[in-house]
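Descriptive structure summary
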Amino acid sequence: LRIAANEFDADFVLFDHELTATQLRNLEKQLDLRVLDRTQLILDIFAGHARTREGSLQVELAQLQYLAPRLTGRGVEMSRLAGGIGARGPGETQLETDRRRIGRRIAKLEAQLESVRAHRGRQRKKRSAVPLSTVALVGYTNAGKSTLFNALTSGNVLADARMFATLDPTIRAFELPSHRRVLVSDTVGFISRLPPGLVRAFRATLEEVTESVMCLHVVDVSSPQRRAHIQEVNKVLEELDARDKPQILVLNKCDRITLEEAERIRASEFAAGEHLDVVAISALKNEGLDQLLVAMDGSLPGDPLSTVRYRFPHTEADKLSFLYSHGRITERVDDEEGVEVTAEAAASVHQRLADQAVKRAQDSR
Ligand SMILES: Nc1nc2c(ncn2[C@@H]2O[C@H](COP(=O)(O)OP(=O)(O)OP(=O)(O)O)[C@@H](O)[C@H]2O)c(=O)[nH]1
Ligand SMILES: [Mg+2]
């Protein structure tokens, strides 16, 4: 292992399972490199994804609880532990002090968690006062959620959404073809074999899912474990009480398979009936995103879309421009007296233009 680490000029060695304190210590001593195990890595990822105060407290608590017994006093980077505990532990003499500090920090975190939970109802109410619905990107790790998040929001980021981006890089607002605005939220990837102690920390990072109105379930279509991953994700969604939300299955990485194969999988997933809609895309190549946006528009609950035909005399030009900015015009005919258009828009938009309606064409869905 040392030879291999040397050969690759490794910065650290990562084990794909849990290590005991003794194993960790012995390995670090023998390899003279930082050693990480699976749980530590997962915790690091959670730490990067925790958004709410409760989420970060829960993750930090899990980190400390896991790391405390594994402190060796040598090569342990105390700065990695949040809360400004200090720089690198200088040696064995420091060990006991470190342990005591961590013990105090754990007790403090537990107390804080308690009080944060008490205020949670109020926080939630405040968040729901933000007039934008949240669409959560969920999926097994490595499915391409972050890539899709960037593809959906790049070049489509609203000016007033920058506030969200600075507050939290994993949430951004953007506009659907109907001009309705939604927040889209990237989430931490789902992982199987999650160590039992981490389940709570994991859930805490997924509050956004619980509060979303819809989920985009991203799956790597080219993975042989595709089916197992879909089921695993749906199982967690069920545990989060989020399985009843409208869900679009997004078959990502279609560039890795043939068109026929993509169509076959799409048809079979659609037939399975587990998801409201199934869309095939490549987030990397920017393919299929238009269809995905239309599917999102059609599945977004509340203020449903429908198609209406309107007639605007020239005197009502401002109403026509209102429709252009709040709906999707699918047909337009100009004549001497005015304009006739067919538009897909939210019910609330149609309501404001009711006087101009010629006939209600059809419900979109
Ligand atoms: N070929 C191909 N690769 C893709 C596509 N989308 C994402 N990837 C690649 O898949 C890998 C994982 O993508 P991410 O977007 O980080 O996946 P994720 O779901 O956010 O992963 P976690 O955050 O770890 O759960 C990256 O190497 C991407 O470049 C795609 O459409 N086609
Ligand atoms: Mg990601």
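Note that this is a predicted model, so its numbers are computed, not measured.

Moving on to the side chain of K245. Tracing the chain through its elements places K245 in the loop between α11 (226-239) and β7 (247-252). Among buried Asp, Glu, Lys and Arg side chains, K245 stands out as unpaired, with E211 the closest opposite charge at 8.9 Å. A polar contact of 2.7 Å, which involves the side chain of K245, links it to the backbone oxygen of S212. Contact partners of K245, with chain neighbours within four places excluded, come to V209, T210, E211, S212, V213, M214 and C215.

Below, the discussion takes up the site of ligand 1. Around ligand 1 sit 15 residues, and of these G144, K145, S146, T147 and D255 come closest. Side-chain polar atom of T141 to an oxygen atom of ligand 1: 2.9 Å apart, as the coordinates give it. For ligand 1, a nitrogen atom lies 3.5 Å from a polar atom in the side chain of R256. Sort the elements by how many residues they give to the shell around ligand 1 and helix α7 (residues 145-153) lands first, with three residues.

Glancing now at the pattern of salt bridges. Scanning the model with the defined rule gives 18 salt bridges in all. Here R266 makes a salt bridge to E263, at a shortest N to O gap of 3.4 Å. Of the two residues, R266 and E263 both sit in helix α12 (residues 259-272), three residues apart, roughly one turn of that helix. By relative accessible area, which is 26% here, R266 ends up partly exposed. For E263, a relative accessible area of 42% translates into the label partly exposed. Two residues, D334 and R332, come together in a salt bridge whose shortest N-O distance is 2.8 Å. Among the ionic contacts, a cluster of salt bridges with common partners joins R226, R227, E269 and E274.

It is the contact of α7 with helix α13 (residues 289-299), at a shortest axis distance of 11 Å, that shows an interaxial angle of 85°. The angle between α7 and α13 falls in the class roughly perpendicular. Listed contacts from α13 to L148, A151 and L152 of α7 are L289, L292 and L293.

It is worth spelling out a nonpolar patch on the surface at this point. On the surface, F12, L14, L41 and I45 cluster together into a nonpolar patch covering about 320 Å² of accessible area. Elements represented by at least two residues in the nonpolar patch include exactly β1 (12-15) and α3 (38-49). Look at L41 and you get partly exposed, because its relative accessible area is 33%.

Let us now look at the sheet that holds strand β5 (residues 181-186). Strand order in the open sheet formed by six strands is β4-β5-β3-β6-β7-β8, and the pairing between neighbours is mixed. Looking along the sheet, the strands with just one partner apiece sit at the ends: β4 (171-175) and β8 (277-280). On average, each strand axis in the sheet is tilted by 25° relative to the strand beside it, whichever way the strands run. Note: strand β6 (residues 214-220) against β7, six bridges, orientation parallel. Within β7, the position partnered with D220 by the bridge is N252.

What follows concerns the packing of aromatic side chains. Enumeration over the complete set of coordinates arrives at three aromatic pairs. For the pair F190 and F202, a centre-to-centre distance of 5.5 Å together with 85° between the ring planes defines the contact as edge-to-face. Here F190 is found in the loop between β5 and α9 (199-204), whereas its partner F202 is found in helix α9, with twelve residues between them in sequence. Of the two residues, F190 and F202, both sit in the buried class. With centroids separated by 5.6 Å and ring planes inclined at 25°, the aromatic side chains of Y310 and F312 adopt a geometry described as stacked. For the pair Y310 and F312, a shared accessibility class is recorded, and that class is buried. Grouped by ring-pair contacts, the aromatic residues F46, F190 and F202 constitute a single cluster.

The subject of this paragraph is the packing of α3 against helix α4 (residues 53-67). At a minimum axis distance of 9 Å, the contact between α3 and α4 shows a crossing angle of 160°. Our classification of the angle between α3 and α4 gives roughly antiparallel. For α3 against α4, the interelement crossing comes out left-handed. When α3 is examined against α4, the residues T39, Q40, L43, D44, F46 and A47 are found in contact with a partner set consisting of V59, A62, Q63, Y66 and L67. Looking at the contact of α3 with α4 residue by residue, the class counts come to seven nonpolar, three polar and one charged.

Definitions and limits used
- Residues numbered from 1 in each chain as written.
- Chains lettered and ligands numbered in written order.
- Predicted model: local features only at pLDDT ≥ 70, side-chain atom pairs only at ≥ 80, totals over all residues.
- Heavy atoms only, no water.
- Helix = DSSP H or I, 4+ residues; strand = E, 2+ residues; numbered from the N terminus.
- Buried < 20%, exposed > 50% of the residue type's maximum accessible area, 1.4 Å probe, protein only.
- Lys, Arg positive; Asp, Glu negative; His and termini not counted.
- Salt bridge = Lys/Arg side-chain N within 4 Å of Asp/Glu carboxyl O.
- Polar contact = N/O pair within 3.5 Å; in protein donor to acceptor, adjacent residues only side chain to side chain.
- Contact = heavy atoms within 4.5 Å.
- Near = heavy atom within 4 Å.
- Axes fitted to C-alpha atoms, helices over the stretch in contact; angles between N-to-C directions.
- Parallel < 35°, antiparallel > 145°, perpendicular 65-115°, else oblique.
- Patch = residues over 30% accessible without salt bridge, like charges linked within 9 Å, V, L, I, M, F, W, Y side chains within 5 Å.
- Areas by Shrake-Rupley, 256 points an atom, 1.4 Å probe, with all protein chains shown as cover.
- Pairing = 2+ DSSP bridges.
- Phe/Tyr/Trp six-rings, centres within 6.5 Å; stacked < 30°, edge-to-face > 60°.
- Left-handed = near helix turned anticlockwise from the far one by under 90°.
- Nonpolar A, V, L, I, M, F, W, Y, C, P; charged D, E, K, R; others polar.

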